[in-house]
Structures are given as C-alpha cells and as structure tokens.
Amino acid sequence: MTKRVLTTESGAPVADNQNSATAGVGGPILLQDQHLLEKLARFNRERIPERVVHARGSGAYGYFEVTDDVTGFTRADFLSEVGKRTETFIRFSTVADSLGGADAVRDPRGFALKFYTGEGNYDLVGNNTPVFFIKDPIKFPDFIHSQKRDPFTGKQEPDNVWDFWAHAPEATHQITWLMGDRGIPASYRHMNGYGSHTYQWTNAAGEAFFVKYHFKTNQGVRSLSADQASELVGKDANSHQTDLLQAIERGVNPSWTLHVQVMPAADAADYRFNPFDLTKVWPHSDYPLQRVGRLVLDRNPDNVFAEVEQAAFSPNNFVPGIGPSPDKMLQGRLFAYADAHRYRLGVNHTHLPVNAPRTAVVDNYGRDGVHATRNGSRHDKNYEPNSYAGPAQTDAALAAPLAIHGWTGTHEAPAHAKDDDFFQAGELFRLMSEDEKGRLVANIAGGLSQVTRDDVIEKNLAHFHAADADYGKRVEEAVRALRED
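In this report, the structure presented in the accompanying data block is examined. Note that this is a predicted model, so its numbers are computed, not measured.

### Description of the overall build of the chain
The number of helices and strands found in the chain is 12 helices and 10 strands. Here the C-alpha radius of gyration of the chain, 25 Å, is about what a compact globule of 485 residues would show, namely 23 Å. Along the longest, intermediate and shortest principal axes, the C-alpha atoms of the chain span 80 × 65 × 50 Å. Sequence separation of at least 24 residues holds for 73% of the intrachain contacts in the chain that already meet a minimum separation of 6. Taken as a whole, the chain presents about 24800 Å² of accessible surface, with 53% of it coming from carbon and sulfur. Looking at the chain, you have 51 positive and 63 negative side-chain charges, and the mean spots of the two groups are 4 Å apart.

What follows is the structure in structure tokens.
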C-alpha cells in the first residue's frame, strides 16, 4: 500500500513533524518554520463560540419513512406517499449548561431534526417536553440569564432560578414537567420528542391546518431519579453520548414513531384557550394523535465537531406545505436561531456539508462572505430580476396566509375561556401516581428551599397552590421541613 504523505495546508510535503526548526542544536526556534506556525495557529482557532443554549449535544444520521397517508393535510413532498424515505440528521442536547456539562442532569432536552428533502432542508426544532417556560420571546434572554451561571458567582444560583419563575406564573406547567419523573431521561433513546410549537400544514387544495408534532420513542420512556443521575454523572459525564454512540455502532438503531395532532384552522379562534400558547398542550380528547411515520437513526457522525457542533438548525427552514403559526415564541425563534448560526459559523454556514441540502439544488443570488463556496461564474449575475436566465420566484407560497387584524403595538395574548397559567399544571399533577407526586414535590422543594428570600419562596408557593391545593400544600410543607433542618 502506498504510504500517505503528510503535507502543509498548502499541500507541500512535511519533512519533519517531530522537531521544530531551530538556530543550531538546542538553539531558539526559527520564525521561518512554516509548518510549526501553521499548526499552532490552526490549533488556536480549532473551536468556535459555543451555543448560548443547547451547547452540550450529540447527533446522528438516519431516515424518516412515511407509514400513513397525510396528504389530506399537507402537500409537503417528503410526506407525499407511504413508504417514502428522507435522510435526516438529529441533534440532542441539554439546554442550560455549557459544552463541558454533564448529560444526566435535570434539564429539558433539545430534539432538533433536519430533513434533507427534495424541496430543500426542513428543520423541526423542538424539545423532549411538549411545553416551555414562557410564551413571549421578549422574555427569553431574561429567562436564560436566570438559569445559567451568575455573572458574579460563576455558578447557577437557586435565587436567580426561582426568582424568575416567581415572576413568570406561566412557567408552572413546565416546572411540573421538569421536576417530575421525566426531568432526567435515562438516555436520548429513551425519551419522546416534541415540536412543542404549533405549526401550519397546507394541503394541495390550499386548506390550512394547525399541527403539533409528537415523536414517541419506540424504546420506551425511561428516566433517572436524582440519586441515580448523580451516581451516573460521577461514572460517566458523557453518559447519553456514550449510550447513543455505542447503540448505533452495535446496530441497535433507535427509532421514534411520529404522530401529529391536527386542528382545522377555523377552530383556532374559538378554542377554549390560546392554541398558540407554548405553555399549554392540546388535550388528546380534542385532537387525537394521528400516526405519520417513523424516524430511525442508523449512522454516527465521523467527526463530532464538523457534524454535530457545526450543525445549524433553524425553524424558519420550511418546505412547501409547511409553515409557521402565530405562536409568539416560534415567531421569535424564526429570527433568533438563524442569527445565532450567522454569528457562530458565518453567513455561509449553509454551505457546510452537514447543513447543505442533499438532493435539492441551491440556486440564488447570495455571494461572497467568509468561507463562501458557491459564488457562481462570470456569467452569473448577483441581482434579480435580470435578463440573463437567472433563477426566478415561483409565485407559489409555501403555506397558507395567516389572517391578521387590529392595531400595531405591544399586546397581551387574546383572552380565551381557559387562558390561565395553572390549570394544565394542576391537571398534570392530578394524573400522577402517589409515588410520582412524592418525587415531584421532593425535587421542587430541594431547589426552592435553597432560595434565600422569603418573598420569592412565597410567590412560587402561590403558583403551586393555584395549580392544585394538594400540590401547593405538599410543596409548602416540604420546603418548610428542609429550611428548618
């Protein structure tokens, strides 16, 4: 076999990769040692800014296969026929901690999925919970600041966490999810994924529907107790990465079944609560789950940095037949995600292999910028319209238009009959077994009891009382007992 030759970045062969060039034996290093300088300079630039949220992540390739006919709801080509397969890439992640954080922690999990469709990439960016802490993106930076490391102490502070939640009663539902038994998944394979937001589907006839995505794990839901998680973190801080990597390498390919809830667009205006409120779920009795297909992961990335860290997902990457809804949090993410990637990876991050379409042809007037790889030829113009046979618009909207009315300004969400912040949190609590309730209360009390301000504790207790009288009573007693110890 021919021996491969080590080269510099410019392709010149490297004579010695063990010793730097010096002025004589034992002398100082020479500035002319191009190979040394190139290696050190590249090493200094190997990493990019980590994600502000979802920094710690794992990824895998796979495919999505349609198992049920949904053409009555959407004209999306990758969902157009039973048996059709589309290549996918998924990135799982924790939310609050840094890139060096542990996997087995109490935190929501990102569930970001890229479909490499023939009509362009479709990104579905969700979590392992069907709801979230807030309903308006203007509060997102404040929420994340309260959950991440304090700028003075350099660590997460219970005072900050619970002080924000005390002033965000709509977070009560998600807190009940997070502090419950599913708050620490046993692995990425053993958790569900949700689109969380409400999206719009449009069929070939132009009829619009609002949908919510549910990816149900076929491995079964498994979670860890706080004690089990602490023990696992001590043994392997990368436990979820290890599990996903080894399972796929063994050929044990994890899978999920995708279901959707479908709401005719006309139902939204008179629904009993705001259907676009990210802090609420749609009861399955109103809109049952309808099966769509299955997601299978069958290939690990060859390079975690290139394919997991540089993977860029944006919820504004839609395809014909799928579009946004008036969900305010989704509307904010349509800008924020793409902008985060332009900052971290550059304006041409969509040229990177993991982000580039697989089968769809990219043809537009974007030019130049750092790391541009698609600049066209001398015959291609960088403006439109033109008379040089450049790409032109289709005049076919991806999704149905959304009706709007009223005055511009900063408005609270429209009032619906059941628009309160506590009802669904109480329903979730009442669905739990006695053992589940006990663990939920212990998890909440363990954090809330560390708060130093009595008024912050009282505000949070009021939220649990409002959700369910027994819920509030149990948390209050547990917090009191821990503070008296």
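Following the structure, the description resumes.
### Brief notes about the nonpolar core
If you look at the biggest cluster of nonpolar residues, it comprises 41 residues, and the most contacted ones within it are Phe-133, Trp-162, Trp-165, Leu-448 and Val-475. Contributions of two or more residues to this core are made by helix H2 (140-147), helix H3 (158-166), helix H4 (172-178), helix H9 (423-431), helix H10 (434-448), helix H11 (454-467) and helix H12 (469-484). If we ignore the near neighbours within four places in the chain, the residues touching Trp-165 are Phe-133, Phe-143, Gln-147, Ala-171, Ile-175, Leu-178, Met-179, Asn-460 and His-463. Counting 36 residues, the second-largest nonpolar core is a separate cluster that includes Val-70, Phe-78, Tyr-213 and Val-292.

### Some words on unusual backbone geometry
Negative phi characterises most residues that are not glycine, and trans characterises most peptide bonds. The amide bond that connects Glu-384 to the next residue, Pro-385, takes the cis arrangement and shows omega of 5°. Along the chain, Pro-385 falls in the loop between helix H8 (328-345) and H9. Positive phi, normally seen in glycine, also occurs at Ser-196, with a value near 65°. Looking at the secondary structure, you find Ser-196 in the loop between strand E5 (193-194) and strand E6 (199-202). Although it is not a glycine, His-371 sits at a positive phi angle of roughly 65°.

### Details of the environment of Leu-224
If you trace the backbone, Leu-224 turns up in the loop between strand E7 (208-217) and helix H5 (226-235). Take Leu-224: its relative accessible area is 15%, and that puts it in the buried class. Contact partners of Leu-224, with chain neighbours within four places excluded, come to Ala-104, Asp-181, Ile-184, Pro-185, Ala-186, Ala-229 and Leu-232.

### Concerning the layout of surface pockets
Volume-wise, the largest pocket comes out at about 1500 Å³. As for the largest pocket, its lining consists of 39 residues, of which Asn-274, Pro-326, Glu-412, Ala-413 and Pro-414 are closest to the centre. Within this model, the second largest pocket holds a volume of roughly 990 Å³. Lining the second largest pocket are 43 residues, with Thr-350, Val-362, Asp-363, Asn-364 and Arg-374 sitting closest to its centre. Listing elements by their share of the lining of the second largest pocket, those giving two or more residues are strand E4 (120-127) and H8. Class assignment of the residues belonging to the lining of the second largest pocket gives a composition of 14 nonpolar, 20 polar and 9 charged.

### Here's the deal with the packing of aromatic side chains
The full count for this structure, using the stated rule, is 29 aromatic pairs. Ring geometry for Phe-132 versus Phe-133: centroids 5.4 Å apart, planes at 75°, classification edge-to-face. Each member of the pair Phe-132 and Phe-133 is classed as buried. Look at Tyr-271 and Tyr-287: their rings are 5.8 Å apart centre to centre, the planes differ by 55°, and that puts the pair in the tilted class. Of this pair, Tyr-271 sits in the loop between strand E8 (255-264) and strand E9 (290-299) while Tyr-287 sits in the loop between E8 and E9, placing them 16 residues apart in sequence.

### Overview of the side chain of Asn-127
By the secondary structure assignment, Asn-127 is in strand E4. For Asn-127, a relative accessible area of 9% puts it in the buried group. The residues contacting Asn-127, other than those within four sequence positions of it, are His-54, Arg-109, Gly-110, Phe-111, Phe-132, Asn-192, Gly-193, Tyr-194 and Ser-196.

### Quick word on the packing of H10 against H12
Where H10 contacts H12, the two axes come as close as 9 Å, and the packing angle between them is 50°. It follows that H10 is oblique to H12 by the angle criterion. Crossing geometry of H10 relative to H12 is assigned as right-handed. Where H10 approaches H12, its residues Glu-434, Lys-437, Gly-438, Leu-440, Val-441, Ile-444, Ala-445, Gly-446 and Leu-448 are matched on the opposing element by Tyr-471, Arg-474, Val-475, Ala-478, Val-479 and Leu-482.

### Concerning H8
The first and last C-alpha atoms of H8 sit 26 Å apart over 18 residues, in line with the 26 Å expected at 1.5 Å per residue. For H8, the full list of buried residues reads Met-329, Leu-330, Arg-333, Leu-334, Tyr-337, Ala-338, His-341, Arg-344 and Leu-345. The opening residue of H8 is Asp-327, an N-cap whose side-chain oxygen sits 3.0 Å from the backbone nitrogen of Met-329.

### Some thoughts on the environment of Asn-382
Along the polypeptide, Asn-382 turns up in the loop between H8 and H9. Here the alpha-carbon distance between Asn-382 and Gly-366, two residues 16 residues apart in the chain, equals 7.1 Å. Apart from residues no more than four positions distant in its own chain, Asn-382 is found in contact with Tyr-365 and Arg-367.

### Re the packing of H11 against H12
Taken N-terminus to C-terminus, the directions of H11 and H12 make an angle of 150°; their axes are 5 Å apart at the nearest point. Classed by the angle they form, the pair H11 and H12 counts as roughly antiparallel. Once H11 is placed against H12, the crossing between them reads as right-handed. Contacts between H11 and H12 involve Asp-454, Ile-457, Leu-461, Phe-464, His-465 and Ala-467 on the former and, on the latter, Ala-469, Tyr-471, Gly-472, Lys-473, Val-475, Glu-476, Val-479 and Arg-483. For the contact of H11 with H12, the residue count by class is 8 nonpolar, 2 polar and 4 charged.

Scoring rules and cut-offs
- Just so you know, the residues in each chain are numbered from 1, in the order the chain's sequence is written.
- This being a predicted model, a pLDDT of at least 70 is required before a residue's local features are given, and a value of 80 or more before pairs of side-chain atoms are given or counted; all residues contribute to the totals for chains, interfaces and linings.
- Note: side-chain values were computed over all heavy atoms of the structure, leaving out hydrogens and water.
- Only DSSP runs of H or I with at least four residues qualify as helices, and only runs of E with at least two residues qualify as strands; both kinds are numbered from the N terminus onward.
- The globule rule used here is 2.2 Å times the number of residues to the 0.38 power, and the radius of gyration it is set against is calculated over C-alpha atoms.
- Throughout, a residue-residue contact means that at least one pair of heavy atoms, one from each residue, lies within 4.5 Å.
- Using a 1.4 Å probe, the Shrake-Rupley method yields the accessible areas, and only the shown protein chains count as cover for residues.
- Two residue types count as positive, namely Lys and Arg, and two as negative, namely Asp and Glu; His and chain ends fall outside the count.
- Where a charge lies is defined by one atom per residue type: Lys uses NZ, Arg uses CZ, Asp uses CG and Glu uses CD.
- Buried Ala, Val, Leu, Ile, Met, Phe, Trp, Tyr and Cys residues form a nonpolar core when they are joined through side-chain atoms within 4.5 Å.
- Exposure classes here rest on a 1.4 Å probe applied to the protein chains alone. A residue is buried below 20% of its type maximum, exposed above 50%, and partly exposed in between.
- Any residue with an atom within 4 Å of a point lines the site, the site being either a cavity, points on a 1 Å grid over the protein atoms alone where a 1.4 Å probe fits but cannot get out, or a pocket, an open set with protein on both sides within 12 Å along at least 5 of 7 lines.
- Grid points are joined across faces, edges and corners, and a volume is the space filled by probe spheres set on the points.
- Think of it as three bins: nonpolar holds Ala, Val, Leu, Ile, Met, Phe, Trp, Tyr, Cys and Pro, charged holds Asp, Glu, Lys and Arg, and polar takes everything else, Gly as well.
- Think of it this way: a Phe, Tyr or Trp ring, Trp meaning its six-membered ring, pairs with another when their centres are within 6.5 Å, and the plane angle makes it stacked under 30 degrees, edge-to-face over 60, tilted otherwise.
- Where helices are involved, their axes are fitted lines through C-alpha atoms of the stretch in contact, as for all axes, and angles between N-to-C directions lie from 0 to 180°.
- If an angle is under 35 degrees, it is roughly parallel; if it is over 145, roughly antiparallel; if it lies from 65 to 115, roughly perpendicular; otherwise it is oblique.
- Handedness of each helix crossing follows the sense of rotation of the near helix against the far helix: counterclockwise by less than a right angle gives left-handed, clockwise gives right-handed.
- To estimate the expected span of a helix, count its residues, drop one, and scale the result by 1.5 Å.
- By the criterion applied in these results, polar contacts are pairs of N or O atoms within 3.5 Å in which, for protein atoms, one can donate a hydrogen and the other can accept it, and in which residues neighboring in sequence qualify only through two side-chain atoms.

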